[in-house]
Amino acid sequence: MIRTSLLLGVLLAGTALPAAAQGTIRPGQTVRGELSSSDPVLEDGTHYDLWRFRGQAGHVYAVTLRSQDFDAYLAVGSSAGDHCEDCESDDDEGGGTDARVELRAGENGTYEIRANSLMEGETGAYTVELEDLGEREQRPESGAGATPIRPGMAVQGELTENDAQAEDESYFDLYVYEGRADEAVTISLSSEAFDTFLAVGRLVDGEFELLDSNDDGPSGTDSVLRFTFPEDGEYVIRANSLMGGDTGAYTLQLTRG
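Residues numbered from 1 in each chain as written. Predicted model: local features only at pLDDT ≥ 70, side-chain atom pairs only at ≥ 80, totals over all residues. Heavy atoms only, no water.

Caption draft 1: Seen up close, the overall build of the protein. Within the protein, the secondary structure is distributed over one helix and 19 strands. Taken across its 257 residues, the protein has 43% of its residues classed as buried. Taking the intrachain contacts of the protein between residues at least 6 apart in sequence as the baseline, contacts between residues at least 24 apart amount to 72%. Carbon and sulfur atoms form 45% of the exposed surface of the protein, whose accessible area is close to 13000 Å². (Helix = DSSP H or I, 4+ residues; strand = E, 2+ residues; numbered from the N terminus. Buried < 20%, exposed > 50% of the residue type's maximum accessible area, 1.4 Å probe, protein only. Contact = heavy atoms within 4.5 Å. Areas by Shrake-Rupley, 256 points an atom, 1.4 Å probe, with all protein chains shown as cover.)

What follows is the structure, encoded as structure tokens:
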């Protein structure tokens with residue numbers, strides 16, 4: 001059940017606020033709430049509260065759900081009630097049993113935060129924190145948006161906070177290669193700034209379909225992947241860091257054989 005608050009408390013942005021009756025939150029606020037047996041219930045038997053905020057197109061919003069009473073589960077999207085629309089969800093990325101989600105707003109409008117428990121029937125007090133991490137460019141995960149790479153070509157690139165992120169919050173760049181059936185290549189990814197992770201795959205309906213990957217090559221934290229293309233077609237190489245949030249310069253190279 002969402003708690004009401006005094007108007008004076010609502011004016012104190014940036015501190016833990018009692019929950020507003022309408023369930024709204026602004027960037028920079030931390031609000032308090034409580035899951036109770038009278039709250040709405042999902043199909044899995046878990047109770048939830050909904051919070052709404054105004055999102056600005058291109059901005060990334062970080063939402064953290066914390067509780068000492070239950071294992072937190074969080075969903076954020078344009079609609080996060082019984083049926084999530086374009087939701088990002090998380091269980092434990094907030095540390096311990098707390099949850100954290102970063103969502104990029106695709107357009108100006110209202111977004112919903114679902115404060116939820118992981119286990120059926122759990123109730124108790126919680127806090128929701130909302131941060132505006134600023135504007136980030138969305139890089140398309142498609143062959144058309146990827147950088148072409150050719151045999152013998154060494155690409156000097158850099159992972160930045162403006163790059164696309166995988167589910168583990170690691171940044172990546174995409175490269176595209178026209179492979180031929182039974183063609184063998186060696187792909188290497190090296191960096192002095194981060195522990196590298198290299199993957200090759202294909203895009204199927206806009207989603208990256210992994211075919212092979214490598215973390216550490218013969219030595220150190222650089223990656224080396226030897227791969228034979230199964231058929232003619234366009235393949236995608238993902239230059240990635242192993243750990244979430246790592247950035248820095250790298251070199252990607254592809255050779256035949």
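Caption draft 2: Seen up close, a negative patch on the surface. On the surface, E88, D92, E93, E167, D168, D205 and E207 cluster together into a patch of negative charge. Along the chain, the position of D92 falls in the loop between strand 6 (88-90) and strand 7 (99-104). (Patch = residues over 30% accessible without salt bridge, like charges linked within 9 Å, V, L, I, M, F, W, Y side chains within 5 Å. Salt bridge = Lys/Arg side-chain N within 4 Å of Asp/Glu carboxyl O. Lys, Arg positive; Asp, Glu negative; His and termini not counted. Charge placed at Lys NZ, Arg CZ, Asp CG, Glu CD.)

Caption draft 3: Broad picture of the packing of aromatic side chains. Throughout the structure, instances matching the rule amount to seven aromatic pairs. On the basis of an interplanar angle of 50° and a centroid distance of 5.2 Å, the ring pair of F53 and Y61 is categorised as tilted. Y61 carries the same exposure label as F53, and that label is buried. Ring geometry for F53 versus Y111: centroids 5.8 Å apart, planes at 25°, classification stacked. (Phe/Tyr/Trp six-rings, centres within 6.5 Å; stacked < 30°, edge-to-face > 60°.)

Caption draft 4: Examining the sheet that holds strand 8 (residues 109-117) more closely. In spatial order, the strands read 3-8-5-6; together these four strands make up an open sheet with antiparallel pairing. The open sheet has two free edges, formed respectively by strand 3 (48-55) and strand 6, since each of these has just one partner strand. Ignoring strand direction, the axes of neighbouring strands in this sheet form an average angle of 15°. Note that strand 5 (residues 72-77) and strand 8 share six bridges and pair antiparallel. (Pairing = 2+ DSSP bridges. Axes fitted to C-alpha atoms, helices over the stretch in contact; angles between N-to-C directions.)

Caption draft 5: A look at the environment of H59. With respect to the helices, strands and loops of the structure, H59 is situated in strand 4 (residues 59-66). Assessed through its relative accessible area of 13%, H59 is described here as buried. Once residues within four sequence positions are removed from consideration, H59 is found in contact with L103, R104, A105, D132, G134 and E135.

Caption draft 6: Structural detail: the side chain of N240. Mapping N240 onto the fold places it in strand 18 (residues 233-241). N240 gets classed as buried once you look at its relative accessible area, which sits at 4%. A distance of 3.1 Å separates a polar atom in the side chain of N240 from a polar atom in the side chain of S170. Those residues in contact with N240, other than ones at most four positions away along the chain, are L159, S170, Y171, F172, L189, F194, D195, T196 and F197. (Polar contact = N/O pair within 3.5 Å; in protein donor to acceptor, adjacent residues only side chain to side chain.)

Caption draft 7: Structural context of the nonpolar core. I113 and V128 are the most contacted members of the largest nonpolar core, which totals 22 residues. Of all the secondary-structure elements, those providing two or more residues to this core are strand 2 (30-35), strand 3, strand 4, strand 5, strand 7, strand 8 and strand 9 (124-135). What I113 contacts, discounting residues up to four positions off in sequence, is I25, D49, L50, W51, F53, V63, L74, A75, V76 and V128. (Core = buried A, V, L, I, M, F, W, Y, C linked by side-chain atoms within 4.5 Å.)

Caption draft 8: Examining the pattern of salt bridges more closely. Considering all chains together, one arrives at six salt bridges under this definition. R52 is paired through a salt bridge with E112; the nearest N and O atoms lie 3.1 Å apart. Of this pair, R52 sits in strand 3 while E112 sits in strand 8, and the two are 60 residues apart along the sequence. Judged by relative accessible area, R52 falls into the partly exposed class, the value being 34%. The buried category is assigned to E112, whose relative accessible area is 11%. A salt bridge links R100 to E102; the nearest nitrogen and oxygen atoms lie 3.5 Å apart. Owing to a relative accessible area of 22%, E102 belongs among the partly exposed residues under this scheme.

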